[in-house]
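Chain by chain, the residues run as shown.
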Amino acid sequence: MKMNREQRYRRIEQAEPGEVDKLRALISACPWRQQYHIQPITGLLNDPNGFSYYEGHYHLFYQWFPLGTVHGMKYWYHTRSTDLVNWENVGIGISPGEPYDSHGAYSGSAIEKDGKLHLLYTGNSRDEEWIRHPYQCLAIMDESGSVVKMPLPVIDSVPSGYTEHYRDPKVWQDGELYYCVIGAQRTNETGCTVMYRSADLKHWEFLGEVETKLPNFGYMWECPDYMSIDEQGVLIFSPQGIQPEGDLYNNIYQSGYLVGEPLDLETRVFNHGAFQELDRGFDFYAPQTMNAPDGRRILVGWMGLPDLEYPTDDSGWAHCLTIPRQLTLRDGKLIQQPIAEMAKLRASETVEQLHVIMDDEIRSFAGFEGIAYEIECEITDFDAERFGIEFRTNEDEKTVVQYDRLQQQLTLDRSLSGATLDSNNGNIRNCALSGDIIKIHMFVDTSSVEIFVNDGEEVFTSRIFPSRDSVGIRFFAHAGKAEFKVSKWNY
């Protein structure tokens, strides 16, 4: 879906007569609309924003360009849920168009204060020479859902030493004070995170840069998110400009984290370990977390990436969000597991179960097929060289998750998954994995899969675009035996 600059930077009320209806007609005919993932009503979805709990609901906004599948005039679109599973579309949360967000309401976060939800976001503006001027803006939502934007930015300039790539404020409270981190680019074109402090969310003091051990790690750090888990500090961010290293950093842009001692809020020093990727799959970016009322740290990510084309682009919509994931720490590693509430989607009490020893064979079984479902698979007592699951299969198509015992490597292969995806990201992802038990927990939807491996030790997130008749599931073991215990729930 090609658009020139003028077309991309229109507000929704500037749509041509019948333009939105045409998009809706295209979307209604699309075979890849998701069944249980958050997806845009029209146009393009990207970063999750403002993930929070307020007045009995989880609130989740996302970046939205309503008029096409390109990145243009961004809105915040508002969804909400009482259980993190069943989401309702509320409508537009923040509309761009004021002097300080004239070219888009970019990403940000939310926090409750004085009985109202405060939405801190980056206003994107451009001058006549198309030079970007970012502002950090504030909008306030009351209990009725009404959102009012403050007339002036709360951070109205970029400090010396940084470029116009300065965005995505993530706010948290510590005692009586509020802090936020912002993704930034230094004038030497390296990425970093900067930090601010406020007593009231309206007046912010620039503290300086978060001091890490990564002085030259990509050219921009997007969507930073700082949190404390088990008395350790965790900084999640999405660095751009990281070159591939073997099985690492193979996406066009990465998302990952640092774990270390708690961030010193006075000196801004963060003593941490190595950067680790959050996801081993193809389509995961710009995650945001929130602290649930029961104390869980929950993450949602954009199931997509910038600067790539997707098969739904010609159908009037693009991208979705991941299912919510609970974060914990295990031996210095962030563990992601599907939230327990996902079990609410399981169709009644019906579960298909399988317990079989595969011996150098590939087989399908009655009841194991479908388009949208959840599978838990535990594989034990294996001496096979390779074993795994093929799913969303027909005679010509399949998506494969496979463990190679000799290489001690898990692979996701979508090279035969259906409609061709952008070649820039490739079709095979690997990660090192060892153990006597391999657990594969999959959430399959019409055009995606999220695979949680060994209780969240690794996660593979991927869009796939198979034919509607690709409903098969096959289990296999090659050159030896493997014992499979499987449960499947339809969604």
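Quick notes on the rules
Residues numbered from 1 in each chain as written. Predicted model: local features only at pLDDT ≥ 70, side-chain atom pairs only at ≥ 80, totals over all residues. Heavy atoms only, no water. Phe/Tyr/Trp six-rings, centres within 6.5 Å; stacked < 30°, edge-to-face > 60°. Lys NZ or Arg CZ within 6 Å of the ring centre and 35° of its normal. Buried < 20%, exposed > 50% of the residue type's maximum accessible area, 1.4 Å probe, protein only. Helix = DSSP H or I, 4+ residues; strand = E, 2+ residues; numbered from the N terminus. Pairing = 2+ DSSP bridges. Core = buried A, V, L, I, M, F, W, Y, C linked by side-chain atoms within 4.5 Å. Contact = heavy atoms within 4.5 Å. Axes fitted to C-alpha atoms, helices over the stretch in contact; angles between N-to-C directions. Polar contact = N/O pair within 3.5 Å; in protein donor to acceptor, adjacent residues only side chain to side chain.

### Focus on the packing of aromatic side chains
For any pair of aromatic rings, geometry is given as the distance between the ring centres together with the angle between the planes.
Right, on to step 1. Under the defined criterion, the tally for this structure stands at 30 aromatic pairs.
Right, on to step 2. Joined through ring pairs, the aromatic side chains of Phe217, Trp221, Phe237, Tyr249 and Phe275 make up one cluster.
Right, on to step 3. One residue, arginine 5, lies across the ring of tryptophan 130, its end atom 4.0 Å from the ring centre.
Right, on to step 4. Just above the ring of phenylalanine 282 sits the side chain of arginine 414; from NZ or CZ to the centre is 3.8 Å.

### Remarks on the pairing of strand β31 (residues 458-463)
Right, on to step 1. Along β31, 6 of the 6 residues are buried, which leaves the element largely enclosed by surrounding structure.
Right, on to step 2. Burial along β31 is two-sided: Glu458, Phe460 and Ser462 and Val459, Thr461 and Arg463, pointing in opposite directions, are all buried.
Right, on to step 3. Note: strand β30 (residues 448-453) against β31, 6 bridges, orientation antiparallel. Residue pairing for β31: isoleucine 451 is matched across the bridge by phenylalanine 460.
Right, on to step 4. Where β30 folds back on β31, the antiparallel hairpin that results is connected by 4 residues, among which asparagine 454 adopts a positive phi of roughly 50°.

### Concerning the nonpolar core
Nonpolar side chains in soluble globular proteins generally cluster together in the buried interior.
Right, on to step 1. In terms of nonpolar packing, the biggest core is built from 48 residues, with Tyr36 and Met342 touching the most fellow members.
Right, on to step 2. No other element matches strand β2 (residues 57-65), which puts 5 residues into this core.
Right, on to step 3. Ignoring sequence-local partners within four residues, the contact set of tyrosine 36 consists of Ile323, Met342, Leu345, Ala372, Tyr373, Phe443, Val444, Asp445 and Tyr491.
Right, on to step 4. By size, the runner-up hydrophobic cluster in this structure holds 36 residues, among which are Phe382, Leu433, Val449 and Ala477.

### Digging into the sheet that holds strand β6 (residues 116-126)
Right, on to step 1. As summarised here, the arrangement of the 4 strands in space is β5-β6-β7-β8, forming an open sheet in which the pairing is antiparallel. Unpaired on one side and paired on the other, β5 (105-113) and β8 (147-149) mark the two borders of the sheet. Ignoring strand direction, the axes of neighbouring strands in this sheet form an average angle of 25°.
Right, on to step 2. Two elements, β5 and β6, share 7 bridges in a ladder whose sense is antiparallel. Along β6, the bridge assignment pairs alanine 105 with glycine 123.

### Regarding the side chain of threonine 190
Right, on to step 1. Locating threonine 190 in the fold gives a position in the loop between β10 (177-186) and β11 (191-198).
Right, on to step 2. On the accessibility criterion, threonine 190 (6% relative accessible area) is buried.
Right, on to step 3. A polar contact of 2.7 Å, which involves the side chain of threonine 190, links it to the side chain of arginine 186.
Right, on to step 4. A polar contact of 2.6 Å, which involves the side chain of threonine 190, links it to the side chain of asparagine 188.
Right, on to step 5. Once you skip the residues sitting within four places of it in the chain, threonine 190 turns out to touch Ala184, Gln185, Pro215, Asn216, Gly218 and Tyr219.

### Some points on the pairing of strand β25 (residues 386-393)
Right, on to step 1. Counting buried residues in β25 gives 7 out of 8 residues, a clear majority hidden from the surface.
Right, on to step 2. With 6 bridges joining them, β25 and strand β26 (residues 398-404) adopt antiparallel strand pairing. When the bridges of β26 are listed, glycine 388 appears paired with glutamine 402.
Right, on to step 3. Counting the residues that bridge the hairpin from β25 to β26 gives 4 residues.

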